[in-house]
Amino acid sequence: MHKPLDAIFKQGKLVSAMLLAGVLAGCAQSVDIQEQQVSLTQFVSDTQIGAQNEGASENNWWRRLDSAQLDNLVTDALAMNHDLKTSQLQLDAAIARLGAARADYYPQGSLSVIAERSSLDGAITRQSNAGVNVNWQLDLFGRITALVDAANAGALNQAEQLRALQVEVVSAVVQGYVSYQGNVQKQAIIEMQIEALEQSIDVLRARVEEGVANELDLNRTLAQLKQQQALIPELSYLQYRDLATLAVLTGRLASDITLIEESELLSRDFSVSFYKASEAMALRPDITSALYQFSQAYSLSVAASKALLPDISLAGFAGVVSLTSNGLDDTVQQWQVTPKVEWSLLSYPALLAQRDAQQFLSEAAYSDYQSKVLKAISESELTLQRLVKQQQQLDFANQRFNYANKAFEQAHAMYEEGQIPYLELLDARQDVLIAQENAVDSTIASVQAKVSAYNVFNGRWSFELNNL
């Protein structure tokens, strides 16, 4: 007998929901998965998480980036990723184990054919027999049903783990591709900054030789140049790292991947919207996987309780026996039916301990399910907050770039009129490039935050991956 669900969620106030207590009480044979998912969906809906982002369907959300290269990478990853292949084979094994468990409903037995020839004191005797041995364990108390339910929950759990892995693979591919294209753009901006600094240095050296500038400004500009040049190897490494990540995800080597620069990728319209945010949360594979793990543990707990009851089975034999030949000639028919009742009374202490242990494991699995739900809700709220933060930072970065660009245009006009020296024009250009680099960083972070949002609210679009 399990305790009812206490308050487990705290979001400014103590909330208790979820109707699993009724399932856990008393004589329930199995967990009603559908009922629990409906309850969870309603609970998440009441929290209003993600309601402000509801709109168009999130299925195939990465296609909104309008990149053929990215679409091909996602398709290749789903088809060739080795971790996905491993998980699929584990699912096949779980389905096979489910078939083996269901076979226990039916009679089990063997077919035997035996021929003997022996000699004793010169006298040769022959004997042969053929028959069928059958043993049928009757599931009068539901132990076999509970074991089948456990195997079924195990197979469904493995299916959800496969779906969760597919979510991670798709999200990682999109994040890796966005990171690669972002690093390519950042390298181009750094190279323009280096060019601007080199021009500044040429002007400063000439002014130092003329005696109208000091070496302090020259050395400071040289230091800035080396600082920017030091970023080129780092960005080259980051691009290779992104390629290596994409290679592993798509089951290839980094040398086998060639990507074309898409400078317009980060500027494309890429928003976050969910058809039903509550369903997207409630149907997350990590949550449903934990629910199936609980269902499996609970069914095993039921099976352990049923092991305390008598085990009733029917054993039977039917066959023919020939005492004079090896060819089943001149046979005599025989058959036998034996009802059998076994009750492991002497093993009761051990069976009781096993039952108690399995009930504790069931409660632990239920607690883990609660934890998964709580973590998913917290993660979703944090992800949405990150989404807002990155959008605000992106707006400020774009404003900074616009002001820096206007300042550069003003400096260029003033230089043309002779109001400022060339060096100040180069400084204004450097400010624009730095602001542009910051805007690219903010854009990359904003896109990655959107990808994370789709990764967290994955309960609906993850079902569509197998239809690609």
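Just above sits the structure.
Residues numbered from 1 in each chain as written. Predicted model: local features only at pLDDT ≥ 70, side-chain atom pairs only at ≥ 80, totals over all residues. Heavy atoms only, no water.

Draft legend 1. Region of the structure containing the nonpolar core. Counting 71 residues, the largest nonpolar core has W61, W62, V173, V174 and F457 as the members making the most contacts within it. Sort the elements by how many residues they give to this core and helix α5 (residues 143-210) lands first, with 12 residues. By size, the runner-up hydrophobic cluster in this structure holds 11 residues, among which are I201, L218, L225 and L235. (Core = buried A, V, L, I, M, F, W, Y, C linked by side-chain atoms within 4.5 Å. Buried < 20%, exposed > 50% of the residue type's maximum accessible area, 1.4 Å probe, protein only. Helix = DSSP H or I, 4+ residues; strand = E, 2+ residues; numbered from the N terminus.)

Draft legend 2. Representation of the pattern of salt bridges. Across all of its chains, the model carries 14 salt bridges by this definition. For D356, the salt bridge identified is with R355, shortest N-O distance 3.1 Å. Close ionic contact of K372 with D368 constitutes a salt bridge, the shortest N to O distance being 3.3 Å. Taken together, the residues span about one helical turn, with K372 and D368 both in helix α9 (residues 348-416) at a distance of 4 residues. Overall, K372 belongs to the partly exposed group, its relative accessible area being 26%. Relative accessible area serves as the criterion here: at 27%, D368 is assigned to the partly exposed category. Linked by salt bridges that have partners in common, E58, K276, E279 and R460 make up one network. (Salt bridge = Lys/Arg side-chain N within 4 Å of Asp/Glu carboxyl O.)

Draft legend 3. Spotlight on unusual backbone geometry. In this structure, N60 is a non-glycine residue whose phi angle is positive, near 55°. In this structure, N60 sits in the loop between α2 (33-47) and α3 (68-80). Despite not being glycine, D66 shows a phi value in the positive range, around 55°. Structurally, the position occupied by D66 is in the loop between α2 and α3.

Draft legend 4. The arrangement of the sheet that holds strand β5 (residues 311-322) in detail. Read across the sheet, 4 strands follow the order β3-β4-β5-β6 without closing on themselves; strand pairing throughout is antiparallel. In this open sheet, the two edge strands, each paired with only one partner strand, are β3 (108-120) and β6 (332-342). Neighbour to neighbour, the strand axes of the sheet diverge by 15° on average, direction disregarded. Two elements, β5 and β6, share 11 bridges in a ladder whose sense is antiparallel. From the neighbouring strand, A315 faces β6, where its bridge partner is T338. (Pairing = 2+ DSSP bridges. Axes fitted to C-alpha atoms, helices over the stretch in contact; angles between N-to-C directions.)

Taken by themselves, the reported measurements are silent on function.
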